[in-house]
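Residue-level structural notes
The primary structure of each chain is shown beneath.
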Amino acid sequence: MLFRSLRFLDSSLSEHYLRGIGDLALPANELGRIAFPELRNVLILENKTSFASTELFLSLPEWKGSLAIFGSGYAATLAAQPWLQGLNLLYWGDIDSHGFRILAAMRARLPGLRSVMMDRDTFHRFERFRSNAPRDTNPLPTELTREEEALFLELAPRSSANRLEQERIPQGYASDRLRESLARAGAHDALPI
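Everything quoted here is computed from the prediction, not taken from an experiment.

All right, on to empty space enclosed by the protein then. In the structure shown here, the tally under the stated rule is 1 cavity of 30 Å³ or more. Here the largest cavity defines a volume of roughly 30 Å³. The wall of the largest cavity is formed by Asp96, Ser97, Ala133, Pro134, Asp136, Leu155, Ala156 and Asn162. Within the lining of the largest cavity, the residues separate by chemical class into 4 nonpolar, 2 polar and 2 charged.

Quick look at the structure:
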């Protein structure tokens, strides 16, 4: 049975609904039963290492109406639940062909999903942390933005220095970018607490 881990970025939600429990795991098939009317923003993370990083999440501000979901690689697509429709959705995965395939699969079900730190600037800024992944000869995934598609096409045919795993991105940079992305995503209806 697959489980999904959740972390509330809004302690008032966890206080109101779960007596202050801020982190929980539940079977993936029960994720769709969640209903928090005040929820406005969801951050979906591909990699458990990033999700579990105490430094990263302790450095994120409390964010009104926000929740983070750990997706677990290709299983991240299971996080694409119908209750997420209409929310401000952010996705952070590895910068490689597989990360973009996961993003495209999720975006097919959640068209408003925006990527965070899956861009050319981040990839080139931390080139010293790149690793190798096998060439990807499968067809180009649909549902990518032009910028995401261009980076996918740059990385997929290569077999070296074509992957930047999200846990390799320095914590300070990741925290700042996540904070900025949450602010942009919820600028009209969610403010830091």
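For Glu167, the location among the structural elements is in the loop between helix H6 (146-155) and helix H7 (171-185). Between the alpha carbons of Glu167 and Gly93 there is a distance of 9.4 Å; along the sequence they are 74 residues apart.

Turning our attention to the pairing of strand S3 (residues 41-45). Of all 5 residues in S3, 5 are buried, a share of seventy percent or more. Burial of the side chains of S3 extends over both faces: Asn41, Leu43 and Leu45 are buried on one face and Val42 and Ile44 on the other. As paired elements, S3 and strand S4 (residues 66-70) share 5 bridges and run parallel to each other. Pairing of Leu45 across the sheet is with Phe70, part of S4.

What follows concerns the pattern of salt bridges. Under the counting rule described, the total for this entry stands at 9 salt bridges. A salt bridge links Asp23 to Arg7; its shortest N-O distance comes to 2.5 Å. Taken together, the residues span a long stretch of sequence, with Asp23 in strand S2 (residues 23-27) and Arg7 in strand S1 (residues 3-8) at a distance of 16 residues. Using a relative accessible area of 42% as the deciding quantity, one classes Asp23 as partly exposed. Judged by relative accessible area, which is 17%, Arg7 ranks as buried.

For the rest of this paragraph, the subject is the pairing of strand S5 (residues 88-92). Within S5, 5 of the 5 residues are buried, which leaves it mostly tucked inside the rest of the structure. With 5 bridges joining them, S3 and S5 adopt parallel strand pairing. Looking at S5, one finds that Leu45 is bridged to Trp92. Of the pairings in the sheet, the one linking S5 to strand S6 (residues 114-115) comprises 2 bridges and is parallel in character. In the sheet register, Tyr91 faces S6, and the bridge partner there is Ser115.

Here we come to the packing of aromatic side chains. Throughout the structure, instances matching the rule amount to 4 aromatic pairs. Taking the centre distance of 5.4 Å and the plane angle of 85° together, the rings of Phe8 and Phe36 count as edge-to-face. Taken together, the positions of Phe8 in strand S1 and Phe36 in the loop between S2 and S3 put the pair 28 residues apart, joining distant regions of the chain. Like Phe36, Phe8 is buried. Using a relative accessible area of 14% as the deciding quantity, one classes Phe36 as buried. Taken together, the ring pairs in this structure connect Phe8, Tyr17 and Phe36 into an aromatic cluster.

Conventions and cut-offs
- Residues numbered from 1 in each chain as written.
- Predicted model: local features only at pLDDT ≥ 70, side-chain atom pairs only at ≥ 80, totals over all residues.
- Heavy atoms only, no water.
- 1 Å grid on protein atoms, 1.4 Å probe; cavity = no way out; pocket = protein on both sides within 12 Å on 5 of 7 lines; lining within 4 Å.
- Points joined across faces, edges and corners; volume = space filled by probe spheres on them.
- Nonpolar A, V, L, I, M, F, W, Y, C, P; charged D, E, K, R; others polar.
- Helix = DSSP H or I, 4+ residues; strand = E, 2+ residues; numbered from the N terminus.
- Buried < 20%, exposed > 50% of the residue type's maximum accessible area, 1.4 Å probe, protein only.
- Pairing = 2+ DSSP bridges.
- Salt bridge = Lys/Arg side-chain N within 4 Å of Asp/Glu carboxyl O.
- Phe/Tyr/Trp six-rings, centres within 6.5 Å; stacked < 30°, edge-to-face > 60°.

Read these as spatial facts, not as claims about activity.
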